[in-house]
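Per-entry structural report
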Amino acid sequence: MVKEKRIALLPGDGIGPEVVAEGVKVLKAIEQKDKNLSFTFEQFPWGCEYYLQNGKMMDDDGLSQLQHFDAIYLGAVGYPGVPDHVSLRDLLLKIRKGFDQYVNLRPVKLLNERLSPLKGKAAKDIDLLVVRENSEGEYSGEGNWLYKGEPEEVVLQTGVFSRKGTERIIRYAFEEARRQGKSLTSVSKANALNYSMVFWDSVFEEVKRDYPDVETASYLVDAASMFLVMNPERFDIVVTSNLFGDILTDLGAAIAGGLGLATGANVNPERTYPSMFEPVHGSAPDIAGKGIANPLAAIWSVAQMMDHFGEEEWGRKIVSTIQQIMDEDEKLTPDFGGEATTAEVGDRFIKLLTS
Ligand code: GGG
């Protein structure tokens, strides 16, 4: 029976449309090759340009419009002229929260040893998965701005760590560690954050009792950052809060070859709502429209989408093709020292994937 998947395209801003176009080409090539899969696409114009014309990042009923899709494929958000906190909160974070995509899966995987700025690290040393809490924590949007402009001015930004939100992400990470037969590291900061992170650590210890077969470690986020650079081989699966996960995965991207290869899946594990797949990089306004953006992170997001659809074989093939293409210096975009355009990398990728 043919599996039909409806995909909502949110190319967004800057280089978003350029890289999403290559990801769509890859999806169409998969459809051509695999007669059991069929994809339909619908594109939405939401983003900063839409905001400048309509005063909002997406339609008021945007979530209902997206609800019936099997996946959302997002490019990038953010562009000069729209405050970053508006573009991020009113589109990307609104979808993550609205669709309870409480798991953010960000692989940090070195595909080619020459890519890492770390000396003497082999591909096997940098191969981890960050499971980032994606619905609350430091990104809850709660807070206050008091006495604005006055000498007594005070700003509060509240981290919200609910029992439900904290336990479910830690439990998800334990399940993933058990499934993969790997260790799990919790990253927090309980010595300084005396409510939220003390709570996080206590929930981690509590849930751990249900998984005696999973080897665990707990680090403070500052130590974890250092170990990520000095001894990345210590990490398999990492579970951490929204903000720490965001920061650690940019650091992870840096040791694994840069943001040009970093992908993220925003997952609603219960499948009550669609999950969303996106390159981690932003809209890169400085190179937008030049046709030189690296499409490989967006293409890796397609691999995560395939995994989510239960098509792990295609997921593996996409990642190994990215690995293959990374060996071809001159066929890469300028961020990797090559001279190829975005579309040329996409075309080359499809040739390798389908040959
Ligand atoms: N590709 C999505 C994008 O534009 N992300 C920009 C960003 O700042 N993301 C922060 C986050 O993932 O929380």
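As annotated in an unreviewed UniProt entry, the chain carries the name 3-IPM-DH and is attributed to Salinibacillus kushneri. The UniProt entry for the chain carries the following text under Subunit (unreviewed entry): "Homodimer."

With that out of the way, let us pick up the site of the ligand. Lining the immediate environment of the ligand, one finds L74, A76, V77, G78, L88, D246, E278, P279, H281, G282 and S283. Residue assignment for the shell around the ligand shows that the elements contributing at least two residues are β3 (71-76) and β12 (275-279). Looking at the shell around the ligand, its residues break down into five nonpolar, four polar and two charged.

Taken domain by domain, the chain consists of domain 1 (1-102 + 268-355) and domain 2 (108-258). Between domain 1 and domain 2, the contact holds 14 residues from the first and 15 residues from the second. Elements that contribute at least two residues to the side of domain 1 that touches domain 2 include exactly α4 (84-98) and α10 (312-325). Considering each element in turn, the side of domain 1 that touches domain 2 owes the most residues, four residues, to α4. Split into classes, the residues belonging to the side of domain 1 that touches domain 2 amount to six nonpolar, two polar and six charged.

With that out of the way, let us pick up the packing of helix α5 (residues 163-180) against helix α6 (residues 196-208). Interhelical geometry of α5 versus α6 gives an angle of 45° and a closest axis separation of 10 Å. One way to sum up the angle between α5 and α6 is to call them oblique. Every pair of crossing elements has a handedness; the one defined by α5 and α6 is right-handed. Of α6, the residues touching α5 (which contributes T166, E167, I170, R171 and F174) are F199, W200, V203, F204 and V207. Its residues assigned to classes, the contact of α5 with α6 comprises seven nonpolar, one polar and two charged.

Between its terminal C-alpha atoms helix α9 (residues 296-308) stretches 19 Å, which fits the 18 Å expected from 13 residues at 1.5 Å a residue. The element α9 is extensively covered by neighbouring structure, given that 13 of its 13 residues are classed as buried. Downstream of α9 by one or two residues, G310 has phi in the positive range, about 80°.

Before going further, it helps to examine the UniProt feature "domain: Isopropylmalate dehydrogenase-like" (unreviewed entry) in the chain. Here, UniProt's "domain: Isopropylmalate dehydrogenase-like" (unreviewed entry) annotation points to residues 6-349. Between the C-alpha atoms that bound residues 6-349 there is a distance of 23 Å. The span itself is 39% helix and 22% strand.

The next point concerns the confidence of the model for the chain. Confidence in the prediction for the chain averages 97 pLDDT; 100% of positions are at 70 or higher. For this predicted complex, the interface score ipTM comes out at 0.91, while the overall pTM is 0.97.

Rules of the game
- Note on numbering: residues in each chain are counted from 1, in written sequence order.
- Residue-level local features of this predicted model are given only where pLDDT is at least 70; pairs of side-chain atoms are given and counted only at 80 or more, and the full residue set underlies all totals for whole chains, interfaces and linings.
- UniProt positions are given in the numbering used here, feature names are shortened, and annotations may be inferred rather than shown by experiment.
- Should the C-beta atom of a residue, placed from the backbone, lie within 6 Å of a molecule or strand, that residue is near it.
- Secondary structure elements follow DSSP: runs of H or I no shorter than four residues count as helices, runs of E no shorter than two count as strands, and numbering proceeds from the N terminus.
- Note on residue classes: Ala, Val, Leu, Ile, Met, Phe, Trp, Tyr, Cys and Pro are nonpolar, Asp, Glu, Lys and Arg are charged, and everything else, Gly too, is polar.
- All domain edges in this entry derive from an automatic or database-based domain assignment.
- This entry defines residue contacts through backbone-placed C-beta atoms, with two residues in contact when those atoms are within 7 Å.
- Comment: axis = line fitted to C-alpha atoms, over the contacting stretch for helices; angle = value between 0 and 180 degrees taken between N-to-C directions.
- For classification purposes, an angle smaller than 35 degrees is called roughly parallel, one larger than 145 roughly antiparallel, one from 65 to 115 roughly perpendicular, and anything else oblique.
- Each crossing is labelled by how the near helix is turned from the far one, with a counterclockwise turn of less than a right angle marking it left-handed and a clockwise turn marking it right-handed.
- Here the expected length of a helix is defined as 1.5 Å per residue gap, with one fewer gap than residues.
- Exposure criterion: with C-beta atoms placed from backbone coordinates, a residue whose C-beta has 20 or more other C-beta atoms within 10 Å is buried, one with 12 or fewer is exposed, and one in between is partly exposed.
- Every residue carries a pLDDT, the predictor's confidence in it, which falls somewhere between 0 and 100.

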